[in-house]
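Each chain, letter by letter, is given below.
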Amino acid sequence: MTQYISFQRPDDTSSFGRLDGETVLDLGAPGGDAWLKDALACDLSVLVVTGEFARAAVRLLPVVPNPGKILCVGLNYATHVAETGREQKEHPAIFTRWADSLIADGDAMVRPLESERFDYEGELAVIIGKGGRRIAPEDAWNHVAGYAPFNDGSIRDWQRHNIQFTPGKTWPGTGAFGPHMVPAGEVEDLAAQRVQTRVNGELVQDQPVSDMIWDIPTVIAYCSTFTELHPGDVIASGTPGGVGDKRKPPLYLKAGDTVEVSIGVIGTLSNPVIDEA
């Protein structure tokens with residue numbers, strides 16, 4: 001499958017490109033920063049290669065390092081609704097995450113000093129390629145550029161300070177996003193892809209995308225009603241049951257752990273865990 005990445009060149013400028021084995025084909029204009037989100041409205045497959053680097057010579061960035069919006073769907077799998085003891089609602093629960101909370105594949109997820117309850121949430125990220133407002137569900141697929149694994153690392157202590165989600169969901173170094181984007185048209189059966197999370201090799205989450213309560217077209221239609229979507233915006237589509245906070249005993253992330261989120265043929269995101277210094 002075609003794999004698009006964002007990366008930092010050896011000269012410290014940022015760009016985006018396509019992986020070809022151990023070679024990175026740079027698709028950004030040379031001489032300065034170039035961003036994937038600015039190219040998503042185009043056909044990426046026709047972009048001219050402007051440079052080549054060995055994979056080991058560049059540093060991965062989050063798939064979209066600077067999305068205008070990161071919209072996260074809460075409670076989108078019945079197993080997760082059940083384990084939280086919440087009531088299933090008529091509409092999706094939507095919260096936001098900030099771009100400066102994102103890290104790339106291989107970067108360390110950071111457990112903050114203020115938390116003893118740092119949790120994983122493996123998710124499918126949907127990357128918007130064509131913007132729009134009030135997008136009809138039947139047209140939603142035309143607005144999707146591609147998919148990537150996402151780990152919505154959650155600070156449960158702060159999530160429970162009140163009824164809101166945001167204070168527990170957007171700490172620096174907690175939102176892992178990568179390693180690459182697979183174009184939507186290359187995933188033949190998205191519904192059959194399994195969202196799987198492993199902590200230190202142990203499988204802790206495992207459900208197919210088809211188990212979502214609100215499918216991707218419904219979520220895009222809903223979100224684009226209250227806000228305009230733009231190329232590069234990211235929708236983290238929700239996590240299955242099995243989060244660490246609800247296991248018995250709880251399984252919270254600690255320094256030295258490794259978390260992997262796999263989304264079927266789309267790829268695997270892997271991050272170590274460290275404590276904030």
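Residues numbered from 1 in each chain as written. Predicted model: local features only at pLDDT ≥ 70, side-chain atom pairs only at ≥ 80, totals over all residues. Heavy atoms only, no water.

**So, the pairing of strand β1 (residues 4-8)**
Where we set the bar: Working definition: with a 1.4 Å probe on protein chains only, accessible area under 20% of the residue-type maximum means buried, over 50% means exposed, and in between means partly exposed. By the criteria applied, helices consist of DSSP H or I runs no shorter than four residues and strands consist of E runs no shorter than two, each listed in order from the N terminus. Only strands joined by at least two bridges in the DSSP assignment are considered to pair.
Across the five residues that make up β1, a large majority, four, are buried. In the sheet, β1 pairs with strand β2 (residues 14-20) via five bridges, with the strands oriented antiparallel. Looking across to β2, one finds that Phe7 is bridged to Ser15. Counting the residues between successive antiparallel strands, the hairpin from β1 to β2 contains five residues, one of them, Asp12, with a positive phi of roughly 75°. Judged from the three bridges that link them, β1 and strand β5 (residues 59-61) form a sheet pairing that is antiparallel. Residue pairing for β5: Gln8 is matched across the bridge by Arg59.

**Some words on the pattern of salt bridges**
Put simply, the rule reads: Only one rule defines a salt bridge in this text: a Lys or Arg side-chain nitrogen within 4 Å of an Asp or Glu carboxyl oxygen.
Taken as a whole and assessed by the stated rule, the structure comprises 13 salt bridges. The salt bridge partner of Lys246 is Asp245, with a shortest N-O separation of 3.8 Å. Among the residues examined, Lys246 registers a relative accessible area of 30% and is labelled partly exposed. Judged by its relative accessible area of 10%, Asp245 is buried. One continuous salt-bridge network, built from bridges that share partners, spans Arg97, Asp119, Glu121, Asp152, Arg156 and Lys169.

**Quick look at the pairing of strand β6 (residues 70-74)**
Both faces of the sheet carry side chains from a regular strand, because those side chains alternate between them. In terms of burial, β6 is a largely internal element, five of the five residues being buried. Here β6 shows a buried face lined by Ile70, Cys72 and Gly74 and a second buried face lined by Leu71 and Val73. Taken together, the three bridges between β6 and strand β18 (residues 234-236) define a ladder with parallel strand orientation. Of the residues in β18, the one forming a bridge with Ile70 is Val234.

**What about the layout of surface pockets?**
Over the atoms a probe the size of a water molecule is rolled, and this reveals where empty space is left. Applied cut-off: In this analysis a 1.4 Å probe is tested at points of a 1 Å grid over the protein atoms alone, and where it fits but cannot get out there is a cavity; an open set with protein on both sides within 12 Å along at least five of seven lines is a pocket; lining residues have an atom within 4 Å of a point. Grid points are joined across faces, edges and corners, and a volume is the space filled by probe spheres set on the points. Gly is placed with the polar residues, together with every amino acid not listed as nonpolar (Ala, Val, Leu, Ile, Met, Phe, Trp, Tyr, Cys and Pro) or charged (Asp, Glu, Lys and Arg).
One number sums up the size of the largest pocket: a volume of about 290 Å³. What lines the largest pocket is a set of 21 residues, and nearest its centre among them are Thr84, Arg86, Arg156, Gln159 and Phe165. Contributing elements (two or more residues each) for the lining of the largest pocket: β6, α1 (78-84) and α2 (156-159). Here the residues of the lining of the largest pocket sort into six nonpolar, seven polar and eight charged. Tyr4, Leu40, Cys42, Asp43, Leu44, Ser45, Ala145, Met181 and Pro183 are the residues that line the second largest pocket. For the lining of the second largest pocket, a count of residues per class yields seven nonpolar, one polar and one charged.

**Observations regarding the nonpolar core**
How we decide: Residues enter a nonpolar core if they are buried and are Ala, Val, Leu, Ile, Met, Phe, Trp, Tyr or Cys, with the set joined through side-chain atoms within 4.5 Å. Throughout, a residue-residue contact means that at least one pair of heavy atoms, one from each residue, lies within 4.5 Å.
Leu124, Tyr147, Leu190, Ile220, Ile235 and Ile266 are the most contacted members of the largest nonpolar core, which has 40 residues in total. Contributing elements (two or more residues each) for this core: β6, β11 (122-128), β12 (144-152), β16 (194-199), α3 (216-226), β19 (258-263) and β20 (267-275). Ranked by residue count, the leading element in this core is α3, at four residues. The residues touching Ile235, leaving out its near neighbours within four places in the chain, are Leu71, Val73, Leu124, Ala125, Val126, Ile128, Val219 and Ile220.

**Details of the sheet that holds β20**
Note the following rule: Fitting a line to C-alpha atoms yields each axis, with helices limited to the stretch in contact; the angle taken between N-to-C directions then spans 0 to 180 degrees.
If you trace the five strands from one edge of the open sheet to the other, you get β9-β20-β19-β16-β17, paired in mixed fashion. With one partner strand each, in any of the chains shown, β9 (109-111) and β17 (202-208) form the two edges of the open sheet. With strand direction ignored, the average angle separating the axes of adjacent strands in the sheet is 20°. With six bridges connecting them, β16 and β17 associate as antiparallel partners. If you follow Thr197 over to β17, its bridge partner there is Gln205.

Honestly, it's all geometry; don't read function into it.
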